[in-house]
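# Observations on the three-dimensional arrangement
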Amino acid sequence: MSTPTSSNAGVVAQPPAVELAPPPSKAKAWMAQWLMPAVLPLLLLLAWDVAVRTTGTMLVPSPKEVGVMLWDFAFGGVYDDAFSETLPIHWLQSMSRVYGAFALAALVAIPLGLVIGKNAAIRRFVDPTLQMLRPVPVTAWLPLSMIFFGVGPNAAIFLVFLGAFFPIVINTTFGVKSVEPRLFEAAAMLGCKGTSMFRQVVLPAAMPSIFNGLRLGHGIAWFLIVVGEMTGVPEGLGAAIMDGRMLSRTDVVIAGMVVIGFTGFVTDRILVALNNRLLKWSPQHNV
């Protein structure tokens, strides 16, 4: 019987080397980051233009007509009507109301959500009331807001605050309740306790849910400012949209929608950048 030679004795088979994929080129990275997100909006604009041309409707303006209206809305010199050069005024008024009410909602909702999620007694006391009020549409509060604050910007600010408050507090509470119990045990073994436990364990673990709540609340805030400013507020994007509807100026309505959408998109990107920076220790939570 043949025996293995000494040259083969003790030889361990090595696994095949794994070839790593080369990093994408700068051109591909640029296309993935900037070009691909622009494809769908361009296709929607094209479909919109084709639909208007095909149907011959006079009720819906073409993208070009909305672009002309946006220019006149911002800089004037085209139609010279009541809407010319008024965009900065309406935009700044809506911005101040939205972000003022949104910041107030965050300042109230985040600490309240942290406390509700961490303290079971407070959760049993507060959470049922929150869950009862949460399904009530914020627009149903509109008559009461006008009674409480009168017809004007304060009623709109109240609606924005209320709409942004519930997503933030609910998501913050969920984030705190979802903290893995073993994290508390590991932190306690390392000598972490009291306020340090809250600051170093609870808050970082709940941060992804907090940012989800902020993004949801921000979107709802812009939705509700339009509703709030349609109730007799003289200045604001919602007021301009309402005036455009009353005057059958569909181009003004769509122009206001475009401004709101773009402003909300920019702010959402700021929230995403802040989320990614604060949660860089957790890549799976980067957006």
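These numbers were taken from a predicted model, which means no experiment stands behind them.

## Here we look at the overall build of the protein
Scanning the protein from N- to C-terminus turns up 10 helices and 0 strands. Shown N-terminal to C-terminal, the secondary structure of the protein runs as helices and strands in the order α-α-α-α-α-α-α-α-α-α. The buried share of the protein, reckoned over its 287 residues, is 37%. Within the protein, contacts between residues separated by at least 24 positions form 64% of all contacts whose residues are at least 6 apart in sequence. When the accessible surface of the protein is split by element, carbon and sulfur atoms take 70% of a total near 17800 Å².

## Things to note about the environment of Val 258
Tracing the backbone shows Val 258 in helix H10 (residues 250-278). Here the alpha-carbon distance between Val 258 and Leu 70, two residues 188 residues apart in the chain, equals 8.8 Å.

## Thoughts on the environment of Phe 265
Positionally, Phe 265 belongs in helix H10. Through-space distance from the C-alpha of Phe 265 to that of Gly 219 is 9.2 Å; in sequence the pair is 46 residues apart.

## Details of the confidence of the model for the protein
For the protein, the average pLDDT comes to 85, and 87% of its residues sit at 70 or higher. For the protein, the element scoring lowest by mean pLDDT is helix H7 (residues 181-189), at 71; helix H3 (residues 87-118) scores highest, at 94.

## Concerning the side chain of Asp 49
Position of Asp 49 relative to the elements: it lies in helix H1 (residues 26-55). With a relative accessible area of 19%, Asp 49 lands in the buried category.

## Focus on helix H6 (residues 153-177)
Relative to the 36 Å expected for 25 residues at 1.5 Å per residue, H6 spans 37 Å between its end C-alpha atoms, a close match to the ideal helical length. Of all 25 residues in H6, 19 are buried, a share of seventy percent or more.

## Notes on the pattern of salt bridges
All told, the structure shown has 6 salt bridges when counted by the stated rule. A salt bridge links Asp 81 to Arg 249; its shortest N-O distance comes to 2.9 Å. Here Asp 81 is found in the loop between helix H2 (63-75) and H3, whereas its partner Arg 249 is found in the loop between helix H9 (237-246) and H10, with 168 residues between them in sequence. A relative accessible area of 27% means that Asp 81 is categorised as partly exposed. The shortest N-O distance in the salt bridge between Asp 268 and Arg 215 comes to 2.9 Å. Separated by 53 residues along the polypeptide, Asp 268 in helix H10 and Arg 215 in helix H8 (residues 195-228) bring together distant segments of the chain. Accessibility expressed as a relative area gives 13% for Asp 268, which makes it buried. Look at Arg 215 and you get partly exposed, because its relative accessible area is 27%. Where salt bridges share partners, they join Asp 81, Arg 249 and Asp 251 into one cluster.

Conventions adopted
- Residues numbered from 1 in each chain as written.
- Predicted model: local features only at pLDDT ≥ 70, side-chain atom pairs only at ≥ 80, totals over all residues.
- Heavy atoms only, no water.
- Helix = DSSP H or I, 4+ residues; strand = E, 2+ residues; numbered from the N terminus.
- Buried < 20%, exposed > 50% of the residue type's maximum accessible area, 1.4 Å probe, protein only.
- Contact = heavy atoms within 4.5 Å.
- Areas by Shrake-Rupley, 256 points an atom, 1.4 Å probe, with all protein chains shown as cover.
- pLDDT = per-residue confidence, 0-100.
- Expected span 1.5 Å × (residues − 1).
- Salt bridge = Lys/Arg side-chain N within 4 Å of Asp/Glu carboxyl O.

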